[in-house]
Amino acid sequence: MLPPLPDLADYGISPVHGFLPDEEPLEMLSNPYYIKWEAIVSKLQPLLLSRRLHEVIDSLPVLSARHLHTEREWRRAYVVLVFMLHGYVWGGNQPQERIPPQITVPLFQVCEHLDIPPVATYAAVCLWNYKPIFPDEPTDNLSNLACINTFTGSMDEQWFYLVSVAIEAQGAPSIPLMLQAISAARSGDSRVVTECLQHFAEILDKVGAVLQKMYEHCDPHIFYHRIRPYLAGSKNMGDAGLPRGVMYDDGAGQEYRQYSGGSNAQSSLIQFFDIVLGIEHRPTGVGRNDGTSGAASKSGHGFIREMRDYMPGSHRRFLEHVDRVANIREFVESRKSDKALSCAYDACLAMLRALRDKHIQMVSRYIIVKSREARINSPTGTQHGPAALNLAIVRQDKPSNNKKLRGTGGTALIPFLKQARDETEEPAINAWAHRLLRDGPAEPRSATLSKVGEHADGHLEVVGLAGTWSADQTEGGICHW
Ligand code: HEM
Ligand SMILES: N[C@@H](CC(=O)c1ccccc1NC=O)C(=O)O
């Protein structure tokens with residue numbers, strides 16, 4: 001018996017808005033009990049500028065979550081508390097190691113309810129932090145979106161979050177669409193699967209176009225020096241001044257913890273794309289053949305899988321369900337002679353790969369170039385920013401080595417992102433290798449592959465946009481790359 005397909009309603013996912021909430025996020029907690037929290041986040045910029053945020057938070061009463069009732073209220077409380085948390089940690093000259101009970105006590109209650117970690121996740125700053133400009137118009141694109149909260153009050157920060165919100169809205173229809181494709185594959189309906197994949201490729205293309213809008217209003221300098229320092233987590237942050245992570249003091253006890261900061265790797269939508277297409281991501285540094293070398297996380301899963309722990313619990317459980325039923329890749333592989341089907345599938349891989357390519361270029365402009373400039377402009381390491389010691393200036397003591405640069409999630413960003421991009425293309429390359437073994441050389445079926453050849457010694461070479469892939473052994477027709 002095949003497991004049933006997920007029902008979106010069971011996971012709080014909207015067929016129209018996807019992982020964005022069905023009802024727009026609450027702009028403020030109206031119960032006067034929480035008035036001091038709302039007052040702080042509404043004055044976050046002057047409090048940060050005047051360096052008075054710590055004293056104001058320290059003098060708060062320790063409030064509880066008992067007056068939160070609706071899901072919208074729980075989410076709003078989470079957003080308010082993590083903006084306070086990151087302002088508290090990163091808003092001074094040095095990162096603040098100890099978080100007081102005024103934040104930790106209610107934050108732990110809220111995080112338990114939402115099943116999400118006590119840190120500023122993608123859900124906090126993007127999914128649950130937007131509002132319409134005109135309430136009577138839809139919030140499905142950038143022409144009617146504004147942010148509820150920001151650290152800096154800048155247009156650049158708003159835009160940085162809103163591009164992701166617009167991507168979630170643009171990509172949302174792919175969720176019911178690809179569940180329909182899974183269902184059609186179960187009943188062997190190749191025509192419907194092909195149509196769904198064609199439509200999915202168009203959606204992925206549009207998502208890529210929204211990503212490119214980042215450049216319109218988010219300036220790399222503002223991003224790198226003003227915004228990004230606040231988004232950092234407490235994991236791998238020794239060089240930024242938090243060697244043990246952050247100490248959460250809830251009055252009853254004190255505990256050091258380390259969490260990754262916000263990252264779009266925590267977007268359930270992008271992970272959904274990979275899962276439905278059967279794209280697998282390995283831990284960074286683990287080779288294609290051996291599975292032994294490299295820096296896998298403690299869980300043994302890679303960073304991308306680990307980022308599921310930073311999603312709202314219901315979204316994480318949805319992805320786990322989709323993991324169990326995803327069948328499109330196997331379906332396509334079992335019908336290799338169906339050209340239209342293979343082509344539609346490969347188009348999806350190509351679009352997703354193109355999205356990752358655009359993203360790598362963006363990371364280069366917003367992080368790599370900026371960190372290099374900062375090193376040249378301030379070789380002594382004297383920096384002025386939200387925190388003089390922060391994510392923007394870590395590892396500047398070491399000469400230019402991009403491999404040392406870290407993302408807010410804590411990854412060695414460039415090797416990680418390139419690997420994720422290359423893995424996107426793997427199903428197409430594998431399928432090609434199978435065909436080559438069976439039929440001999442022919443034209444590549446995919447626009448992402450430019451050349452496939454066989455060497456005299458029998459090993460295969462596939463040239464894709466990502467580089468050259470070699471397969472040197474086969475086992476029952478399966479290639480080992
Ligand atoms: C200025 C804009 C952006 C910068 C500088 C940036 C930077 C990064 C970095 C450094 C990582 C590595 C993970 C980490 O350690 O944090 C990452 C991961 C990721 N980012 Fe972005 N990002 C930006 C915008 C976006 C947007 C708008 C999207 C939406 C499509 C996105 C999608 C992803 C995904 C899906 C990952 C996980 C890796 C993967 O699946 O390929 N990023 N980003
Ligand atoms: N990982 C990125 C930050 C990032 O992508 C991000 C962080 C918080 C919320 C959303 C994010 N991504 C894009 O809009 C960085 O290292 O700067």
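Under an unreviewed UniProt entry, the name given to the chain is Indoleamine 2,3-dioxygenase, and the source organism is Monascus purpureus. On record in UniProt, under Sequence similarities (unreviewed entry), the comment for the chain is "Belongs to the indoleamine 2,3-dioxygenase family."

Across the interface, helix α8 (residues 174–186) lies against helix α9 (residues 190–212) with an axial gap of 8 Å and an inter-helix angle of 155°. Our classification of the angle between α8 and α9 gives roughly antiparallel. When the axes of α8 and α9 are compared, the crossing they make is left-handed. Residues S174, L177, M178, Q180, A181, A184 and A185 of α8 form the contact with α9, whose own contacting residues are V192, V193, C196, L197, H199, F200 and I203. For the contact of α8 with α9, a count of residues per class yields 11 nonpolar, three polar and no charged.

What follows is about the coordination of the iron atom of ligand 1. You will see that the iron atom of ligand 1 has only one donor from the protein, H359 (NE2), lying 2.0 Å away. Considering the arrangement of structural elements, one finds H359 in helix α16 (residues 339–377).

What surrounds ligand 1 is a group of 27 residues, the closest being N264, R356, H359, G409 and T411. Here an oxygen atom of ligand 1 and a side-chain polar atom of R356 are 2.6 Å apart. Take H359: an N or O atom from its side chain is 2.8 Å from a nitrogen atom of ligand 1. The element best represented in the shell around ligand 1 is α16, accounting for six residues. Its residues assigned to classes, the shell around ligand 1 comprises 17 nonpolar, nine polar and one charged.

With that settled, consider the UniProt feature "binding site: heme b" (unreviewed entry) in the chain. The UniProt entry lists H359 under the feature "binding site: heme b" (unreviewed entry), expressed in the numbering used here. Residue H359 is classed as partly exposed on the basis of its relative accessible area, which comes to 30%. The residues contacting H359, other than those within four sequence positions of it, are L211 and L417.

Below, the discussion takes up the layout of surface pockets. Taken as a whole, the second largest pocket holds about 460 Å³ of empty space. Residue lining of the second largest pocket: 28 residues in total, with I279, E280, H281, R305 and R308 positioned closest to the centre. For the lining of the second largest pocket, the secondary structure elements donating two or more residues are α12 (268–277), α13 (303–306), α15 (328–334) and α17 (413–439).

How each quantity is defined
Residues numbered from 1 in each chain as written. Chains lettered and ligands numbered in written order. Predicted model: local features only at pLDDT ≥ 70, side-chain atom pairs only at ≥ 80, totals over all residues. Heavy atoms only, no water. UniProt positions renumbered as here; feature names shortened; annotations may be inferred. Axes fitted to C-alpha atoms, helices over the stretch in contact; angles between N-to-C directions. Helix = DSSP H or I, 4+ residues; strand = E, 2+ residues; numbered from the N terminus. Parallel < 35°, antiparallel > 145°, perpendicular 65-115°, else oblique. Left-handed = near helix turned anticlockwise from the far one by under 90°. Contact = heavy atoms within 4.5 Å. Nonpolar A, V, L, I, M, F, W, Y, C, P; charged D, E, K, R; others polar. Donors = N, O, S within 2.8 Å, 3.2 Å for Na, K, Ca; no water. Near = heavy atom within 4 Å. Polar contact = N/O pair within 3.5 Å; in protein donor to acceptor, adjacent residues only side chain to side chain. Buried < 20%, exposed > 50% of the residue type's maximum accessible area, 1.4 Å probe, protein only. 1 Å grid on protein atoms, 1.4 Å probe; cavity = no way out; pocket = protein on both sides within 12 Å on 5 of 7 lines; lining within 4 Å. Points joined across faces, edges and corners; volume = space filled by probe spheres on them.

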